[in-house]
Amino acid sequence: MHTRPTITVSSLDADRLYHLIDSLPAHFFKGEDKLETELARANVVSPTEIPPTIVTMNSTVKFAIESKQLAAKQSEFELTLVYPKDMNASGKTISILAPVGSALLGLSQGDVIEWPKPDGGLLKVTIKEIVYQPEREGEFLL
């Protein structure tokens, strides 16, 4: 796997995510170790210090996914990264517990990351645009 880009996470998001992980039943979330590794390597800053081009919790992100199985296939999405309790049937949200959701956290516009799929193989995720970011809008307690 290639070197992962530097990630930045707000202290509020980090605290909430560690609490979420601790509250889950053992072996409930297959990507738990990967999310914890990302949080451990993250540059954690105050929510007021988050750059406006970083994917934070509750950000709406345009991103592309390329799957490295059989033929390379790329798809583009615009989804809001949410906690599991905030998932809805709109098709416009992605849980932080989904493999791609965990991959998005802390990335900056233009970043590319390869992320393992639960069933094997890799996804290549490219951040195209941060459409909405709560911190950029001065919303720190969502």
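### Comments concerning the overall build of the protein chain
So, step 1. The secondary structure content of the protein chain amounts to 3 helices and 7 strands.
So, step 2. Along the protein chain, helices (α) and strands (β) appear in the sequence β-α-α-β-β-β-β-α-β-β when read from the amino end.
So, step 3. The C-alpha atoms of the protein chain give 14 Å as radius of gyration, which agrees with the globular expectation for 142 residues (14 Å, within 12%).
So, step 4. C-alpha extents for the protein chain along the principal axes are approximately 45 × 35 × 35 Å.
So, step 5. For the protein chain, buried positions account for 46% of its 142 residues.
So, step 6. The long-range fraction of contacts in the protein chain, counting pairs at least 24 apart against all pairs at least 6 apart in sequence, stands at 61%.
So, step 7. Approximately 7500 Å² of the protein chain is accessible, and the part contributed by carbon and sulfur atoms is 54%.

### As for the pattern of salt bridges
So, step 1. Scanning the entire structure with this criterion turns up 7 salt bridges.
So, step 2. We note a salt bridge from Asp86 to Lys85, for which the minimum N-O separation is 3.2 Å.
So, step 3. With relative accessibility at 30%, the residue Asp86 sits in the partly exposed group.
So, step 4. Taking relative accessible area as the criterion, Lys85 reaches 69% and is therefore assigned exposed.
So, step 5. Each member of the salt-bridge network shares a partner with another, and the members are Arg4, Glu38 and Arg41.

### Some remarks on the packing of helix H1 (residues 11-23) against helix H2 (residues 32-41)
Pairs of packed helices are described in terms of their axes, by the angle between the two and the distance that separates them.
So, step 1. Between H1 and H2, the shortest axis-to-axis distance is 11 Å and the interhelical angle comes to 155 degrees. Judged by the angle between their axes, H1 and H2 are roughly antiparallel. Between H1 and H2 lies a crossing whose hand is left-handed. Between H1 and H2, the residues in contact are Ala14, Leu17, Tyr18 and Ile21 and Glu32, Leu35, Glu36, Leu39 and Ala40, respectively.
So, step 2. Along the lines of polarity and charge, the residues of the contact of H1 with H2 split into 7 nonpolar, no polar and 2 charged.

### Some remarks on the pairing of strand E3 (residues 60-67)
So, step 1. With 6 of 8 residues buried, E3 lies mostly within the body of the structure.
So, step 2. Strand direction decides the pairing type here: E3 and strand E7 (residues 122-132), joined by 8 bridges, are antiparallel. Its bridge partner being in E7, Phe63 is matched across the sheet by Ile127.

### Digging into the environment of Val44
So, step 1. Within the secondary structure, Val44 is located in strand E2 (residues 43-45).
So, step 2. Look at Val44 and you get partly exposed, because its relative accessible area is 41%.
So, step 3. Taking C-alpha positions, Val44 is 17 Å from Lys34, a pair spaced 10 residues apart along the chain.
So, step 4. Beyond its immediate sequence surroundings of up to four residues, Val44 is in contact with Val9, Ser10, Ser11 and Ala14.

What counts, and at which threshold
Residues numbered from 1 in each chain as written. Predicted model: local features only at pLDDT ≥ 70, side-chain atom pairs only at ≥ 80, totals over all residues. Heavy atoms only, no water. Helix = DSSP H or I, 4+ residues; strand = E, 2+ residues; numbered from the N terminus. Rg over C-alpha atoms; globule rule 2.2 N^0.38 Å. Buried < 20%, exposed > 50% of the residue type's maximum accessible area, 1.4 Å probe, protein only. Contact = heavy atoms within 4.5 Å. Areas by Shrake-Rupley, 256 points an atom, 1.4 Å probe, with all protein chains shown as cover. Salt bridge = Lys/Arg side-chain N within 4 Å of Asp/Glu carboxyl O. Axes fitted to C-alpha atoms, helices over the stretch in contact; angles between N-to-C directions. Parallel < 35°, antiparallel > 145°, perpendicular 65-115°, else oblique. Left-handed = near helix turned anticlockwise from the far one by under 90°. Nonpolar A, V, L, I, M, F, W, Y, C, P; charged D, E, K, R; others polar. Pairing = 2+ DSSP bridges.

All we've got here are geometric facts, nothing functional implied.
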